[in-house]
Structures are given as C-alpha cells and as structure tokens.
Amino acid sequence: MKSLSYLNKYLFKYKWRLLLGVVFIIISNYFGVEMPKVVKGAVNDFLKTLDANMAFQDVLMLSLKLAGMYMLLSLGKGFFLFLTRQMIIVVSRYIEYDLKNEVYAQYQKLNFAFYKKSRTGDLMNRISEDVTQVRMYLGPGLMYTINLAVLFVLAIVTMLQINVSLTLLVLAPLPVMSFLIYWVSSKMNRLSKIKQEEQSNLSTIVQESFSGIRVIKAYLRELETRRKFDASADEYKRKNMRLVMVNSLFMPTIIFLIGLSTLLTIYYGGLLTYDKEITPGDIVAFVFYVNMLTWPFASVGWVTSIIQRAAASQARINEFLKIVPKIKNEEKGSLDDLDEIRFEGVHFQFDDADKPAIQDLSFSVRRGETLGIVGRTGSGKSTILNLMTRQLEVTQGSITINGKDIRKVNLDAYRSRVGVVPQDVFLFSDTIRNNVAFGVDTEEATDEDLIKVCKTAHVYHNIMDFKEGFETILGERGVNLSGGQKQRLSIARALLRRPQLLLLDDCLSAVDTETEDVILRSIDEDYKHCMNVIVSHRVSSLRMADKIIVIEHGQKIEEGTHEELIAAGGVYAEMHHKQLVSESV
Ligand SMILES: Nc1ncnc2c1ncn2[C@@H]1O[C@H](COP(=O)(O)OP(=O)(O)OP(=O)(O)O)[C@@H](O)[C@H]1O
Ligand SMILES: [Mg+2]
C-alpha cells in the first residue's frame, strides 16, 4: 500500500476538487437518507386514512404531496451524485493523464540499453494497464470509500433512532457480504491477471506476425503461425471462461444477501410492529435502508481488491520511474561548432558480453575531413558510431569533442549538430515529407531545402514518381519503398539537419555501386565544411575518404588513405582486391 503514497502529490494538486467532491457526496447522501422517511410517512399516513375513511380528494392530495416530495429528494440526490462524479471521477482522469505523461517522459529519457532489455508488450502495459489500475483506485475506489463512510454514518444513525435491535439484526449479514465480495474479487483479480498475461502473449504473436509477414510468407509458415495463434487464443479463451465463471457468482451473491437482510427485516419488523414498538412504515423504510447500504458494503470488498491491484501497479510504476538513465545530459553549457572528435584508448564492453566490443581504439576526425571505417561484419563499426553519439558510454579511455570530454559536453547541443543515418532504416507511417523533415522543426524546412537534400541523396526522382510526391504516405497501408529508396530517404533526413557531423552507417548497402558513388560524391561536395564518418564494408565506397581505419574484433588494425592502405598490402588491400574481382565478375 505504501506505493500508493506516490500519488499523494497528485491528490494534493487537485485537493479543491476532491474536497468539493466530498461535500457533494454528503449532500447527495443526505437526500438519499431522507427518501425512505417520506415513504415511511406515506405508509403510515395511508394506513391512517384507511382507518379514518377519508374523502378521495384528500387522499389524492396526500398522495401528490408525498410523491412530489419523494421526487424532489431523488432529484436532489441524483443531481449531487452527478456533481460528485464530476469532481472525483474527473480528478481520477486528470491524474491518469498526468501519470501517463510522467511515465512517457521517463520512457523518452531512458537510453537504448534499457529498451534492449525490455519487451514491447511490458512497456505498453506499464502505460496502459498499470495506469488504468491506478485510476480505478483514484476514481471509483476513492469515491465509494468516502460514500460508504458518509452513508454509513447517516443511514445507521437514522436506523438506530427507529429501533436498535432491528438495526443490529439486519446489518449482521452485511459484513459477511463485504468479506464474500472481497474473496470473490481477489479470486477474480488473480484470474484476470492470468488472463492478461495470456492476452499480452496473444498480442505479441499478432504483432510479430504483422511485422514479420514477409518472412512468414516467404518461408511458407502461414499455417504454423496460425497454429501458434490458435493455441494462444484457445488458452486465452479457457482462462477467460474461468474468469467469467467467477464473475457470474458476483451479482447472485449480492442479491442473495440483500434478500436475506430484507427477509430478516420483514420477519423481525413484523414482530416488533405487533408489539407496537415500530410502525409499519418503519419496516418499509428499513427495507429501503438495507437496500441502500448493500452496494456500499459490497463495494468494501470490491474496493479493497481495487486498492490491492492499484498498489501492485503503482509499485511497478514507481520502480520504473526510479530508474536513472545511465547516460544523462547534465551539462547545460553551450557548444562551439564541431572542430574535432578524438577517440583516446577507448574500450567498450556490453553488459551481457564476456569480451569487449571495442578495444584500445584511438583515432581522430577534424572539421572538413571524411573518415572511413571499414571492417568485417560484427567487427564493431556500429558500436563506434553509437559511442560517438553517446548512445553508449565508454568503459575505459575517453572521447573528446573539441578537446572536451564527451561526458562534459551538453548532449542536446552536441546531438543537434549530428546527423545519423543508422544501419537499419526506420521510417514512420507518415508522409514522405514528414519522414524527411523528422529531424527538424517543421517551420525550419522549406520546400527548396527538402528538394535539395533529396536530390543530394539521389531519391528525388523516386519521390516524384509517386502521384502524391512528398505527400505520399509511407508505411503499413501506403506504398512501400525499396530497400535502397528507404536508405536514401534516411540519408536525406540526416542531411536536412545541416549536420556538422554526418554519420553514415553502411547506409548504401542496398544501393548499386554507381549510385553510391554519385551520392557520396555529392555529399562530399555539399558537405565539405563538416565531418563525415562513413562506415562501409564495401572498400570502394571509401576511396575519397581522407582517412580510413580498418577494424577487426573491435581493434584498429590499419589506418591511412586509400592509396596508402593499398600500397601497404594488408587486410584492406586484400579486401579491395577481392571486391574488385567479384565486381568485375
Ligand atoms: N546490445 C548488444 N549486446 C551485446 N553485444 C552486442 C550488442 N550489440 C552488438 N553487440 C556485439 O558487438 C559486436 C560489434 O557489433 P557491431 O554492431 O558494432 O558490428 P558492425 O561492425 O557494425 O557489424 P555489421 O557490419 O554487421 O553492421 C558484435 O560482436 C555484436 O555481437
Ligand atoms: Mg553495423
């Protein structure tokens, strides 16, 4: 339960609304408790009129008066109930909104090391399922608890005034009911948790089969995938049926117990009337009160289980909010234009790896230079780029930006000067325009800029081939681009940021050598003033680089210009030779 205290700051934030909510609950219940009194009066008055043989006119007037009063009271009760909900339930929605934003902001803060460890389904659950549980506590949970407290005091006082022993007798089954409901609710919770796990399993299967549909079809695994889905759906149904079973016990239990209380009221109340201790109207009023108290008492059990669930959810949320991102931007200072980036004896090891991915790596790149990084697959090229943008933190050694340690540099200022084209392209299901302009604020990008970068990336003519041009929607329902087109769009996106440091991670692998040459040449011309780092395992792409480093097993094994490295006759020369041969073939 301690976990829920985290929400106090929000409750405090909306304290006036909540307070007003409590006032409205009191008023609403006051009207509610008055209603049976009218009925009681009605019964007693009618009994009297029967005895006194009153004229029809008078009976009619009496009826109208009583009915009118009852009507007024119920209108009052309803109106204030409406206001209560407007306050308390609305506050719970506000807090839900605040909390979701807080969780989402934390998601954006966390580094990608965190995302590698977590399943998408779990991440989604935290912001949807867990926050919903917490809202149930804040809304209905809080409202019913306050309601019960208020009603309990008002109703019981009234009942005790009528008759003490009758009150005690008819209230006896209510705590039993609270307990039973609590028991049923906990069972339901346990089952619904099991059901939810299966549901998230099911959605993972669905999600993966959508995103992997091409592979599934290419490998003819449709039937297999369907079977997997079938099995999971079946399991889901089975678990859901158990929940439905318990669920269906819920209302009958309540109704049975109300029946029991009513029975006791009539039986014992009848005896008391005979002794003239209470009037027949009192019996009717009692039946009303018992019915009125039933749901609040039932809600004790229900609310208890809501609170338990919310506490568990909030504990998960708290744990998550507590995570401090390993890589934080604590520097606020400004940053000069990028002049030089230097790696000095850099080591890097992934948390779950047993040997370092990068070892003792030193090199530098200056403004106006193009650095080529080449190496076999898995040699550590992408890791170097991730270190360079500080997506990963060096384990040993240092990286300096303009001579200043990267950990001491304002990360936002630094990253805003960097254009990255990652190895696996990611495009949003949005228009081509928005995809290219993703890295800049929309006002910043004029049409000329957009066209210019697309021409540099050699993708403009492809875009113009679409009927809608830049407005073409990409993604699930829109057209799909070819692998090479996606890569070039991704390059255009990076160029539009007018980066001072441009990182191209093997982003022309799906483009033929000639086009690649054209693109690299135009980048080289247009972006002379900036630092370019080009990763490739095609040696030919790096010919015009000012400096090339060759990486193997995370270590630099050769360094020099294209000509120097060819002349040296090492690994680079060998790769060059092999690639030349295979190309001419
Ligand atoms: N998140 C990770 N956790 C553990 N090891 C990783 C992780 N990412 C990469 N590695 C390992 O680090 C090494 C270098 O990976 P990296 O992605 O830098 O290679 P690369 O040179 O870019 O390869 P490619 O040319 O195929 O893109 C590989 O051995 C890889 O298995
Ligand atoms: Mg890579």
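Please read all numbers here as calculations on a predicted model, not as lab measurements. (Residues numbered from 1 in each chain as written. Chains lettered and ligands numbered in written order. Predicted model: local features only at pLDDT ≥ 70, side-chain atom pairs only at ≥ 80, totals over all residues. Heavy atoms only, no water.)

**Student:** Teacher, can you tell me more about the pattern of salt bridges here?
**Tutor:** Opposite charge on two side chains permits pairing when their charged atoms draw close. On inspection of all chains with the given rule, the structure shows 32 salt bridges. Among the salt bridges present, the one from D45 reaches K48, with a minimum N-O distance of 3.8 Å. Remark: K48 and D45 occur in helix α2 (residues 15-52); sequence separation between them is three residues, near one turn of the helix. Taking relative accessible area as the criterion, D45 reaches 24% and is therefore assigned partly exposed. (Salt bridge = Lys/Arg side-chain N within 4 Å of Asp/Glu carboxyl O. Helix = DSSP H or I, 4+ residues; strand = E, 2+ residues; numbered from the N terminus. Buried < 20%, exposed > 50% of the residue type's maximum accessible area, 1.4 Å probe, protein only.)

**Student:** When you look at the packing of helix α3 (residues 56-109) against helix α10 (residues 280-322) in this model, what are you seeing that I'm missing?
**Tutor:** What describes two packed helices is the angle between their axes and the distance between those same axes. Where α3 meets α10, the closest approach of the two axes is 13 Å, and the angle between their N-to-C directions is 10 degrees. As judged from the angle between their axes, α3 and α10 are roughly parallel. Taken together, the residues of α10 that come into contact with α3 (itself represented by Y70, L99, E102, V103, Q106 and Y107) are F288, Q314, I317, F320 and L321. Class assignment for the residues of the contact of α3 with α10 results in eight nonpolar, two polar and one charged. (Axes fitted to C-alpha atoms, helices over the stretch in contact; angles between N-to-C directions. Parallel < 35°, antiparallel > 145°, perpendicular 65-115°, else oblique. Contact = heavy atoms within 4.5 Å. Nonpolar A, V, L, I, M, F, W, Y, C, P; charged D, E, K, R; others polar.)

**Student:** Sorry, what's going on with unusual backbone geometry here?
**Tutor:** It is generally the case that most residues other than glycine have a negative phi and that most peptide bonds are trans. Look at L220: it is not a glycine, yet its phi comes out positive at around 55 degrees. Considering the arrangement of structural elements, one finds L220 in the loop between α8 (213-218) and α9 (222-274). Within the chain, N402 stands out as a residue other than glycine whose phi angle is a positive 45 degrees. Position of N402 among the secondary structure elements: in the loop between β4 (396-401) and β5 (404-405).

**Student:** Quick question: what am I supposed to make of the site of ligand 1 here?
**Tutor:** Around ligand 1, a shell composed of 14 residues is seen, among which T377, K381, S382, T383 and Q423 lie nearest. G380 places a polar main-chain atom, nitrogen or oxygen, 2.9 Å from an oxygen atom of ligand 1. Contacts to ligand 1 include K381, whose side-chain N or O atom sits 2.7 Å from an oxygen atom. About the coverage of ligand 1: the protein hides 65% of its 630 Å² of free accessible area. Broken down by element, the shell around ligand 1 gets its largest block of residues, three residues, from helix α11 (residues 381-388). (Near = heavy atom within 4 Å. Polar contact = N/O pair within 3.5 Å; in protein donor to acceptor, adjacent residues only side chain to side chain. Areas by Shrake-Rupley, 256 points an atom, 1.4 Å probe, with all protein chains shown as cover.)

**Student:** Hey, could you run me through the environment of E393 in this one?
**Tutor:** Turning to its location among the elements, E393 is positioned in the loop between α11 and β4. On a C-alpha basis, the gap between E393 and R93 in space is 39 Å, while along the polypeptide they are 300 residues apart. Excluding residues within four positions of it along the chain, E393 makes contact with K326, I327, F348, L387 and R407.

**Student:** When you look at the sheet that holds β5 in this model, what are you seeing that I'm missing?
**Tutor:** Hydrogen bonds along the backbone pair up the strands of a sheet, which may run parallel or antiparallel. Across the sheet, four strands lie side by side as β2-β1-β4-β5; this open sheet has antiparallel pairing. Looking at which strands have only one partner, the edges of the open sheet turn out to be β2 (358-366) and β5. Examined bridge by bridge, strand β1 (residues 340-348) and β2 share six bridges and lie antiparallel to one another. Pairing of F348 across the sheet is with I358, part of β2. Where α11 meets the sheet, its contacts fall on β1, β2 and β4, and the angle it forms with β1 comes to roughly 120 degrees. (Pairing = 2+ DSSP bridges.)

**Student:** Looking at this structure, I do not really get the coordination of the magnesium ion (ligand 2). What am I missing?
**Tutor:** Each angle at a metal carrying four tetrahedral donors should ideally be 109.5 degrees, and each at a metal carrying six octahedral donors should ideally be 90 or 180 degrees. The protein atoms that coordinate the magnesium ion (ligand 2) are S382 (OG) and Q423 (OE1), at distances of 1.9 to 2.2 Å. With S382 in helix α11 and Q423 in the loop between β6 (418-421) and α13 (432-436), this pair connects stretches of sequence that are 41 residues apart. With a relative accessible area of 23%, S382 lands in the partly exposed category. (Donors = N, O, S within 2.8 Å, 3.2 Å for Na, K, Ca; no water.)

**Student:** What am I meant to see in the nonpolar core here?
**Tutor:** Burial of nonpolar side chains together is a common tendency in soluble globular proteins. Of all hydrophobic cores here, the largest spans 43 residues; its most connected members are V436, C454 and L489. Contributing elements (two or more residues each) for this core: α13, α14 (447-456), α15 (460-465), α16 (483-496), β7 (501-505), α17 (513-526), β9 (547-552) and α19 (571-584). For this core, the element with the most residues is α16, which contributes six residues. If you count residues domain by domain, this core takes at least three from each of domain 2 (335-417 + 501-585) and domain 3 (423-498). Here V436 is in contact with L450, V453, C454, L489, A492, R493 and L496, once residues within four sequence places are set aside. (Core = buried A, V, L, I, M, F, W, Y, C linked by side-chain atoms within 4.5 Å. Domains from an automatic or database assignment.)

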